[in-house]
Amino acid sequence: AGYKQVGCIKRHVKILKSKRQLIKRGVPSVISSVVALVIDLWLLLRAGETWHRAGENIQYETLDQLDKRFDALWQECNLEYSIVPDRTCKYMEWKFLDDPDDENIIYGAFSEDRERMLACIVYRRVASSVEIRELLLTKDEAIRSHIIWHFLRYARTLPVDSVVVNMLSNKKLSAEL
């Protein structure tokens, strides 16, 4: 009584390296090493992040703390996420940076002058995956894709096999991942 469904949580997994998946499916290690080279090349060639520029006027960095720029980004985006409680930089630091049991990393995208935060992606490494725990993107459709693609290129530099995100159904964002 009083509840209604607002969406469906979907789990998206983007495979970056296939060898571990092949071995899990029973392919012998020697064979999977060779087959994975071909599959990984195919995955890389068909990935959106391979062919799209990251956005020349966007600055990216990992952060040790959040500041008023995050709060401004949240104010810009919070109408889109009406079922999510308020996020402040203090709350996010408490939830993700002060947690002694998890090593979360905050990845930020900023305007060229660094005055405006355009995206905040909180992730952690779980086994051989990058798990996106929080994803907040500017409403500016023209640069959202560039930020996602840049993060995926960044994830390919980490010693992981996949990127995982659980989120409310979002067709446009799902296509970019």
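Residues numbered from 1 in each chain as written. Predicted model: local features only at pLDDT ≥ 70, side-chain atom pairs only at ≥ 80, totals over all residues. Heavy atoms only, no water.

Scanning the protein chain from terminus to terminus reveals 7 helices and 6 strands. Going from N to C terminus, the protein chain has its helices and strands arranged as β-α-α-α-β-α-α-β-β-β-α-β-α. Burial analysis of the protein chain (177 residues in total) assigns 41% to the buried set. If you take every contact in the protein chain between residues at least 6 apart in sequence, the share linking residues at least 24 apart comes to 65%. (Helix = DSSP H or I, 4+ residues; strand = E, 2+ residues; numbered from the N terminus. Buried < 20%, exposed > 50% of the residue type's maximum accessible area, 1.4 Å probe, protein only. Contact = heavy atoms within 4.5 Å.)

Here we take up the side chain of S18. With respect to the helices and strands, the residue S18 is situated in the loop between β1 (9-15) and α1 (19-24). When sequence neighbours within four positions are dropped, the list of residues in contact with S18 reads A36, I39 and D40.

Once that is clear, we can look at the packing of aromatic side chains. By the definition in use, this model includes 7 aromatic pairs. Pairing Y107 with F151 gives two aromatic rings, centres 5.1 Å apart and planes at 70°, and the pair type is edge-to-face. With a gap of 44 residues between them, Y107 in strand β3 (residues 104-111) and F151 in helix α6 (residues 141-156) connect regions that are remote in the sequence. On the basis of relative accessible area, F151 is assigned to the buried category, the value being 2%. Centre to centre, the rings of Y123 and Y154 are 6.0 Å apart; their planes meet at 70°, and the pair counts as edge-to-face. Separated by 31 residues along the polypeptide, Y123 in strand β4 (residues 117-126) and Y154 in helix α6 bring together distant segments of the chain. Each member of the pair, Y123 as well as Y154, carries the same accessibility label: buried. Taken together through their ring pairs, the aromatic side chains of Y60, Y107, Y123, F151 and Y154 make up a single cluster. (Phe/Tyr/Trp six-rings, centres within 6.5 Å; stacked < 30°, edge-to-face > 60°.)

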